[in-house]
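Take a look at the letters that make up each chain.
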Amino acid sequence: MTLTWHGLAEERFVRYRSFINANDPGICGTYCVAVLAHDRVRMDTGQDLKLDQMISGIQPAVDQYRPYPGSFIWDIALGLNLLFLGCPVGVGVGLTTEYHVPRLIDRGLGPLIVGTTSLYGSTYHNHWVVVYAYAFDSDGVLWFKAYDNHGRHNAIIPARTTVGYAYLHQTTTE
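Residues numbered from 1 in each chain as written. Predicted model: local features only at pLDDT ≥ 70, side-chain atom pairs only at ≥ 80, totals over all residues. Heavy atoms only, no water.

### With respect to the overall build of the chain
And then number 1: When its secondary structure is counted, the chain shows 4 helices and 7 strands.
And then number 2: Counting helices and strands in the order they occur from the N terminus, the chain gives β-α-α-α-β-α-β-β-β-β-β.
And then number 3: Its C-alpha atoms give the chain a radius of gyration of 15 Å, near enough to 16 Å, the size a compact globule of 174 residues would have.
And then number 4: Taken along its principal axes, the extent of the C-alpha atoms in the chain is 45 × 40 × 30 Å.
And then number 5: Taken across its 174 residues, the chain has 49% of its residues classed as buried.
And then number 6: Restricting to contacts in the chain with at least 6 residues of sequence separation, those with at least 24 account for 63%.
And then number 7: When the accessible area of the chain is evaluated, it comes to approximately 8,900 Å², of which 53% is carbon and sulfur surface. (Helix = DSSP H or I, 4+ residues; strand = E, 2+ residues; numbered from the N terminus. Rg over C-alpha atoms; globule rule 2.2 N^0.38 Å. Buried < 20%, exposed > 50% of the residue type's maximum accessible area, 1.4 Å probe, protein only. Contact = heavy atoms within 4.5 Å. Areas by Shrake-Rupley, 256 points an atom, 1.4 Å probe, with all protein chains shown as cover.)

This is the structure we're talking about:
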């Protein structure tokens, strides 16, 4: 299957390949929040923050101290909001990935954190990834390319297995 990708170049995400979520239970939400924030700071300022320190610093807000295991979209948004507190960066969230993610990428608002779910048949089960590109196959099926925090920076995921997304956007300061 040959796909024509729209969005960001996968080479930008090679640096994250070695950041593997090996915890049990996993802390994929924490990894994705840290990677999205790291990428944003690197693109905006040229600063290359220590990703391992970001992961350990944001984990309590995203994947710990909850009455439930794992993380939900509101935990992802909380982690991003905490990291960018006082900065002209806002957090957007939504549920309908197949409709919104390609449009947000086309508007230059990628990468995005996207949730996969076993409810829709994801082989990742309930998991968070960082999506940076999309493509439609010859049958019109939508696919996402993502950092999966399992050692792949270029995982290809069927969009139909996803629900929920979060992204960063510029806000105005007064």
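### Describing the packing of helix H2 (residues 51-63) against helix H3 (residues 73-83)
And then number 1: Contact pair H2 / H3: the axes reach a minimum separation of 8 Å and the direction vectors enclose 140°. With respect to H3, the axis of H2 lies oblique. Considering the relative orientation of H2 and H3, their crossing is right-handed. Where H2 approaches H3, its residues Ile 58, Ala 61 and Val 62 are matched on the opposing element by Asp 75, Ile 76, Leu 78, Gly 79, Leu 82 and Leu 83. (Axes fitted to C-alpha atoms, helices over the stretch in contact; angles between N-to-C directions. Parallel < 35°, antiparallel > 145°, perpendicular 65-115°, else oblique. Left-handed = near helix turned anticlockwise from the far one by under 90°.)

### Brief notes about unusual backbone geometry
And then number 1: Cis rather than trans, the peptide bond between Asp 24 and Pro 25 has omega equal to 0°.
And then number 2: Position of Pro 25 relative to the elements: it lies in the loop between strand E1 (6-7) and helix H1 (28-45).
And then number 3: Omega for the peptide link from Gly 110 to Pro 111 comes to 0°, which places this bond in the cis form.
And then number 4: Inspection of the secondary structure assignment puts Pro 111 in the loop between helix H4 (97-106) and strand E3 (112-116).
And then number 5: The phi dihedral of His 125 falls on the positive side, at around 65°, and the residue is not glycine.
And then number 6: Its place among the elements puts His 125 in the loop between E3 and strand E4 (127-136).
And then number 7: Even without a glycine there, the phi angle at Asn 149 is positive, about 55°.
And then number 8: Along the chain, the position of Asn 149 falls in the loop between strand E5 (142-147) and strand E6 (155-158).
And then number 9: Asn 149 sits in the buried class, given a relative accessible area of 0%.

### Quick look at the pattern of salt bridges
And then number 1: Tallied over the entire structure, the rule returns 6 salt bridges.
And then number 2: Across the pair Arg 15 and Asp 48 runs a salt bridge, and its minimum N-O distance is 3.4 Å. With Arg 15 in the loop between E1 and H1 and Asp 48 in the loop between H1 and H2, this pair connects stretches of sequence that are 33 residues apart.
And then number 3: Among the ionic pairs, Asp 148 bridges to Arg 152, the shortest N-O distance being 3.2 Å.
And then number 4: Take Arg 152: its relative accessible area is 41%, and that puts it in the partly exposed class. (Salt bridge = Lys/Arg side-chain N within 4 Å of Asp/Glu carboxyl O.)

### A few points about a nonpolar patch on the surface
And then number 1: Taken together, the side chains of Leu 95, Leu 119, Tyr 120 and Val 163 make up a nonpolar region of the molecular surface, amounting to roughly 420 Å² of accessible area.
And then number 2: Checked against the element boundaries, Tyr 120 lands in the loop between E3 and E4.
And then number 3: What makes Tyr 120 partly exposed here is its relative accessible area of 42%. (Patch = residues over 30% accessible without salt bridge, like charges linked within 9 Å, V, L, I, M, F, W, Y side chains within 5 Å.)

### Focus on the packing of aromatic side chains
And then number 1: Summed over the entire model, instances satisfying the criterion amount to 7 aromatic pairs.
And then number 2: Here Phe 13 and Tyr 16 contribute two aromatic rings whose centre-to-centre distance is 6.2 Å and whose plane-to-plane angle is 45°, an arrangement assigned as tilted.
And then number 3: On the basis of relative accessible area, Phe 13 is assigned to the buried category, the value being 0%.
And then number 4: Taking 5.0 Å as the distance between ring centres and 80° as the angle between the ring planes, the aromatic pair formed by Tyr 68 and Phe 72 counts as edge-to-face.
And then number 5: Members of the aromatic cluster, connected to one another through ring pairs, are Phe 13, Tyr 16, Tyr 132 and Tyr 147.
And then number 6: When the ring centre of Tyr 99 is taken as origin, the NZ or CZ atom of Arg 103, which lies over that ring, is 3.7 Å away. (Phe/Tyr/Trp six-rings, centres within 6.5 Å; stacked < 30°, edge-to-face > 60°. Lys NZ or Arg CZ within 6 Å of the ring centre and 35° of its normal.)

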